[in-house]
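# Structural features, examined
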Amino acid sequence: MMPRKIAILLSGRGSNFLAIHDAIARGDLNAGICCVVSNVPDAAGLAKARELGLNAVSLPSRGIERTGYDRLLLATLRPFSPTLVCLAGFMRILSPEFLREYAGRVMNIHPALLPSFPGLHAQRQALQYGVKVSGCTVHLVDEGVDTGPILLQRAVEVFEGDTEETLSARILKQEHDLYWRAIAMVLDRLDRNPSPAGDTAPR
Ligand code: GAR
């Protein structure tokens, strides 16, 4: 069996990270969080990771260009040798070099039914467009903004009178139940085929 080590990258609150942590603690997800890295030093999610006694690393991105930052990120992750890199509210695009090293092993969650409403404020975009159904998506990450092969999606109804806050909260609840399932799916796939397409590096 492949190792089942998850690196979490986050920039903010960290509720998706905590939902993954809870799924592991409950025994629903057979994996371990090897490290939590944040590009925002005072991210609440990073503080939580510290409180939980996890390897929590602050790697500020301010003022560093993308390629240089992602090299630092790669160097930060390497000692933990993660099987998967899970973006959980990590508000950055990853460089081709980063994605090459973790080909087929970087995942993201997004609060809309992609390919609709990528980017920032997905829930606000959905409300402004007037869709009656939105939701959340877990996908493999490529070089685009919230693009890449879709793993799982969950639909969430938009109600009359919804605000960005009420819709976001309803979607977030589903995010928390969706991400760990997608992680389990990818880990199971990796067990069956440890070298996903494009990944030729020995590990
Ligand atoms: C979540 O809603 C996640 O889907 C979104 O950021 C929030 C992070 O919340 N991600 C994106 O919009 C990615 N484009 P969290 O820090 O509480 O997990």
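The notes below deal with the structure included here.

Thresholds, definitions, all that
- Residues numbered from 1 in each chain as written.
- Predicted model: local features only at pLDDT ≥ 70, side-chain atom pairs only at ≥ 80, totals over all residues.
- Heavy atoms only, no water.
- Phe/Tyr/Trp six-rings, centres within 6.5 Å; stacked < 30°, edge-to-face > 60°.
- Buried < 20%, exposed > 50% of the residue type's maximum accessible area, 1.4 Å probe, protein only.
- Near = heavy atom within 4 Å.
- Polar contact = N/O pair within 3.5 Å; in protein donor to acceptor, adjacent residues only side chain to side chain.
- Areas by Shrake-Rupley, 256 points an atom, 1.4 Å probe, with all protein chains shown as cover.
- Helix = DSSP H or I, 4+ residues; strand = E, 2+ residues; numbered from the N terminus.
- Contact = heavy atoms within 4.5 Å.
- Core = buried A, V, L, I, M, F, W, Y, C linked by side-chain atoms within 4.5 Å.
- Disulfide = S-S within 2.5 Å.
- Pairing = 2+ DSSP bridges.
- Right-handed = clockwise from strand over helix to strand, strands pointing away.

## Notes on the packing of aromatic side chains
Applying the stated rule across the entire model yields two aromatic pairs. Between Phe-98 and Tyr-102, the ring centres sit 5.4 Å apart and the planes meet at 35 degrees, which makes this aromatic pair tilted. Residue classification places Phe-98 among the buried residues on the basis of a relative accessible area of 0%.

## Things to note about the site of the ligand
In the neighbourhood of the ligand, the contacting residues comprise Arg-13, Gly-14, Ser-15, Asn-16, Gly-89, Met-91, Ile-109, His-110, Pro-111, Asp-146, Leu-172 and Glu-175. Arg-13 is positioned such that a nitrogen or oxygen atom in its side chain is 2.6 Å from an oxygen atom of the ligand. Between the ligand and Ile-109 there is a distance of 3.5 Å, counted from an oxygen atom to a backbone nitrogen or oxygen. Alone, the ligand offers 450 Å² of accessible surface; in the complex the protein occludes 90% of this.

## Considering the side chain of Asp-162
By secondary structure assignment, the location of Asp-162 is in the loop between strand 7 (150–157) and helix 6 (164–192). Looking at Asp-162, the relative accessible area reads 14%, which means it is buried. One polar contact links Asp-162 to Thr-166, side chain to side chain, over a distance of 2.7 Å. Within the structure, the side chain of Asp-162 is placed 2.6 Å from the side chain of Arg-170, a separation counted as a polar contact. What Asp-162 contacts, discounting residues up to four positions off in sequence, is Leu-127, Glu-157, Leu-167 and Arg-170.

## Quick look at the nonpolar core
Ranked by size, the top nonpolar core spans 37 residues in total, and within it Ile-8, Leu-29, Val-36, Met-107, Tyr-179 and Ile-183 carry the most contacts. The dominant element in this core, judged by the number of residues it contributes, is helix 6, at eleven residues. Sequence-distant contacts of Tyr-179, that is, excluding residues within four places in its chain, are made with Asn-16, Ile-20, Cys-86, Leu-87, Ala-88, Met-107, Asn-108, Ile-109 and Val-138. Of all hydrophobic cores here, the second largest spans 20 residues; its members include Leu-59, Leu-74, Phe-90 and Val-106.

## A look at the state of the cysteines
Structurally, a disulfide amounts to a covalent bond that connects the sulfur atoms of two cysteines. A complete count under the given rule lists zero disulfides for this structure. Cysteine Cys-35 shares no disulfide, and the gap to the nearest cysteine sulfur, in Cys-34, comes to 4.1 Å. In this structure Cys-35 comes out as buried when scored by relative accessible area, which is 0%. Unpaired in this structure, Cys-136 has its nearest cysteine sulfur neighbour in Cys-86, at a distance of 15 Å. Exposure remark for Cys-136: the relative accessible area of 0% places this residue in the buried category.

## Observations concerning the environment of Ala-122
With respect to the element layout, Ala-122 can be found in helix 5 (residues 122–129). Between the C-alpha atoms of Ala-122 and Leu-190, which are 68 residues apart in sequence, the distance is 30 Å.

## Overview of unusual backbone geometry
In this structure, the amide linkage connecting Leu-114 to the following residue, Pro-115, adopts the cis form with an omega of 10 degrees. Inspection of the secondary structure assignment puts Pro-115 in the loop between strand 5 (106–110) and helix 5. If you check the backbone angles, Ser-81 has positive phi at about 35 degrees while not being a glycine. Note that Ser-81 resides in the loop between helix 3 (66–77) and strand 4 (84–87). Overall, the relative accessible area of 39% leaves Ser-81 in the partly exposed class.

## So, the pairing of strand 5
Burial of strand 5 is extensive: five of the five residues sit out of reach of the surface. With three bridges joining them, strand 4 and strand 5 adopt parallel strand pairing. Opposite Leu-87, over in strand 5, you have Asn-108 as the bridge partner. Each parallel crossover has a hand, and for strand 4 linked through helix 4 (residues 96–101) to strand 5 it is right-handed. As defined by bridge partners, strand 5 adjoins strand 6 (residues 133–140) across four bridges and the pair is classed as antiparallel. Opposite Asn-108, over in strand 6, you have His-139 as the bridge partner.

No statement about biological role is implied by the geometric values presented.
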